[in-house]
Amino acid sequence: MRELYIGGMSGTSQDGVDVVLVEFSAAGSNIHQATTTPYTGKLGKRIKNLITQPQVTLQELGEVNVAIGKFFGQCILKLLETSDFGAHEITAIGHSGHTVYHKPEKPDAFTMQIGDSSTIAANTGITTVGNFRNMDMAFGGQGAPLAPAFHEWCFSDTKESRIVVNIGGIANISVLQPKLPLLGFDTGPGNTLLDNWTHRCTGKSFDHNGDWSKTGQINKPLLLALKKDKYFERSPPKSTGLEHFNLAWLEGELREINRTLPDEDVQATLTELTAETIAEAIVSTNGDPQRIILCGGGVLNTALVERLSELLPSIELESSAECGIGPEWVEAVMFAWLARARLKGRSGNAPTVTGARQVTPLGGVYFGAT
Ligand SMILES: Nc1ncnc2c1ncn2[C@@H]1O[C@H](COP(=O)(O)OP(=O)(O)O)[C@@H](O)[C@H]1O
Ligand SMILES: [Mg+2]
């Protein structure tokens, strides 16, 4: 029987929902169809509000939970319509939901992804697996990043040390060394500050190719102030989110240096912050990689990637496309892979990454219509 799965991903950039129809085999994964549907209109605003407002009502939380489930369902049905496959041929959907709060610090650690799996299963008729982070956290882990176990499966090599860098809203790395334990952690902000500052100052949703950042000058005092954040010096396991790295955080540091800067200088400094913190995280692992594989939408920020390659002059940087998965689809394929692992009873987490007490299958299963 063919192993066809659908993966759905809505990341911290809040740029929309990526869905992929992917086939797994002994040879790896093959994407048959993929689309991104932006959050337009009300739903995008409501998600942003849930994340940025200090208080929300339970009614709003409940309604957006179902609305995101419906939106995922629509994206998946649209994907199927344009593909050669029917819903009955798909074994399962695995989806990220959307993170509205991530607090891995103990005590009272919790992580909350919304996007109702029952709604997705009912509206597509396909068995749906969601809430992948909770079980890792229940076993004492960070619940994030989940990507390293998947990166190991698809990007590792028996001879070559590699590091995978995913530049989403938050950036994370996976250290894949032959015969050594898997490592990985969130390095800090990826695109999130770049996107939010661009939106505030220009009304655009992101800094296309990083062109705007190139018109500004890096401000050293601001860069130093931002890099003093304790998150960067903490040892792994560690993961973070928009609760920490947001515009309020940036404004606090801008007040601290007590100077008014041109908007484009702030953008140039934020781009440098993302590049330097990723490069320093890579160096801190002593992973000695021969190759760095880049994925996530940040790969398209040419200014950022150029800076990263200047900071790591002796290492070859390449896009995940060269290893068979387009950089914008890696995370969505990962959720399909996690759903497959769940249904096969295989573990999905990597305790050396998240700090969980044990390996465990991840995710809750919601059976589709029979
Ligand atoms: N051409 C581009 N130039 C600069 N940045 C881009 C470009 N295309 C995409 N991006 C960045 O990628 C982000 C989306 O990346 P994605 O991997 O989907 O992140 P997430 O997983 O957090 O949703 C956008 O918000 C934007 O910051
Ligand atoms: Mg995205």
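Residues numbered from 1 in each chain as written. Chains lettered and ligands numbered in written order. Predicted model: local features only at pLDDT ≥ 70, side-chain atom pairs only at ≥ 80, totals over all residues. Heavy atoms only, no water.

Participant: With reference to specific residues and values, describe the overall build of the protein.
Facilitator: Within the protein one finds 14 helices and 13 strands. The C-alpha atoms of the protein give 20 Å as radius of gyration, which agrees with the globular expectation for 370 residues (21 Å, within 12%). Projecting the C-alpha coordinates of the protein onto the three principal axes gives extents of approximately 65 × 50 × 40 Å. Restricting to contacts in the protein with at least 6 residues of sequence separation, those with at least 24 account for 68%. One finds the centroid of the 31 positive side-chain charges in the protein at a distance of 4 Å from the centroid of its 40 negative side-chain charges. (Helix = DSSP H or I, 4+ residues; strand = E, 2+ residues; numbered from the N terminus. Rg over C-alpha atoms; globule rule 2.2 N^0.38 Å. Contact = heavy atoms within 4.5 Å. Lys, Arg positive; Asp, Glu negative; His and termini not counted. Charge placed at Lys NZ, Arg CZ, Asp CG, Glu CD.)

Participant: Talk me through the packing of aromatic side chains; I want residue IDs and the actual numbers.
Facilitator: Scanning the entire structure with this criterion turns up twelve aromatic pairs. Their ring planes at 40° and their centres at 5.9 Å tell us that W153 and W337 sit as a pair that is tilted. With W153 in helix α5 (residues 147–155) and W337 in helix α13 (residues 330–343), this pair connects stretches of sequence that are 184 residues apart. By relative accessible area, which is 34% here, W153 ends up partly exposed. Look at W337 and you get buried, because its relative accessible area is 9%. On the basis of an interplanar angle of 85° and a centroid distance of 5.8 Å, the ring pair of Y231 and F245 is categorised as edge-to-face. Of this pair, Y231 sits in helix α9 (residues 230–233) while F245 sits in the loop between α9 and α10 (247–257), placing them 14 residues apart in sequence. Both residues of the pair, Y231 and F245, count as buried. Lying over the aromatic face of Y231, K238 brings its terminal NZ or CZ to 4.4 Å of the ring centre. (Phe/Tyr/Trp six-rings, centres within 6.5 Å; stacked < 30°, edge-to-face > 60°. Buried < 20%, exposed > 50% of the residue type's maximum accessible area, 1.4 Å probe, protein only. Lys NZ or Arg CZ within 6 Å of the ring centre and 35° of its normal.)

Participant: I'd like a rundown of the side chain of T192, residues and numbers included.
Facilitator: Inspection of the secondary structure puts T192 in helix α6 (residues 192–202). With sequence-adjacent residues up to four places away left out, T192 is seen in contact with G169, I170, L242 and F245.

Participant: How would you sum up helix α2 (residues 58–81)? Please name residues and give values.
Facilitator: Across its 24 residues, α2 extends 35 Å between first and last C-alpha, which sits within 8% of the 34 Å expected from 1.5 Å per residue. Residues of α2 that are buried include every one of L61, V64, I68, G69, F71, F72, G73, C75, I76, L79 and L80, and no others. (Expected span 1.5 Å × (residues − 1).)

Participant: Go over the pattern of salt bridges with me, naming the residues and quoting the values.
Facilitator: Using the criterion set out here, one finds 16 salt bridges in the structure. Between R162 and D157 there is a salt bridge, and its shortest N-O distance comes to 3.8 Å. Each of D157, E160, R162, R291, E316 and E318 takes part in salt bridges that share partners, so that together they form one network. (Salt bridge = Lys/Arg side-chain N within 4 Å of Asp/Glu carboxyl O.)

Participant: Tell me about the sheet that holds strand β10 (residues 183–189), and name the residues and values.
Facilitator: If you walk across this open sheet you meet the five strands as β10-β9-β8-β11-β12, and the pairing is mixed. Each edge of the open sheet carries a strand with a single partner, namely β10 and β12 (316–319). Ignoring which end each strand starts from, the neighbouring axes of this sheet average 20° apart. Note: strand β9 (residues 170–176) against β10, six bridges, orientation antiparallel. Each residue of the ladder has a partner; that of A171, found in β10, is G188. On the sheet, helix α11 (residues 263–284) packs against β8 (162–167), β9, β10 and β11 (291–295) and is oriented at approximately 160° with respect to β10. (Pairing = 2+ DSSP bridges. Axes fitted to C-alpha atoms, helices over the stretch in contact; angles between N-to-C directions.)

Participant: Would you mind going over the domain arrangement of the protein in detail, with residue names and values included?
Facilitator: When the parts of a complex come together, some accessible area is lost, and that lost area is often used as the size of the interface. Partitioning the protein into structural domains gives domain 1 (3–143 + 328–366) and domain 2 (147–323). Centre-to-centre separation of domain 1 and domain 2, based on C-alpha positions: 23 Å. With 26 residues of domain 1 at the contact, the number on the domain 2 side is 27 residues. In total, about 2000 Å² of surface goes out of reach between domain 1 and domain 2, with carbon and sulfur atoms giving 62% of it. When residues of domain 1 are sorted by the area they lose upon contact with domain 2, V330, W337 and V353 head the list and together hold 28% of the total. At the surface where domain 1 touches domain 2, the tally comes to zero salt bridges. At the junction of domain 1 and domain 2, the tally comes to eight residue pairs in polar contact (both at pLDDT 80 or more). Going through the elements one at a time, β3 (28–37), α1 (41–52), β5 (98–103), α13 and α14 (351–354) are the ones with two or more residues in the side of domain 1 that touches domain 2. (Domains from an automatic or database assignment. Buried area = accessible area lost by both parts, 1.4 Å probe. Polar contact = N/O pair within 3.5 Å; in protein donor to acceptor, adjacent residues only side chain to side chain.)

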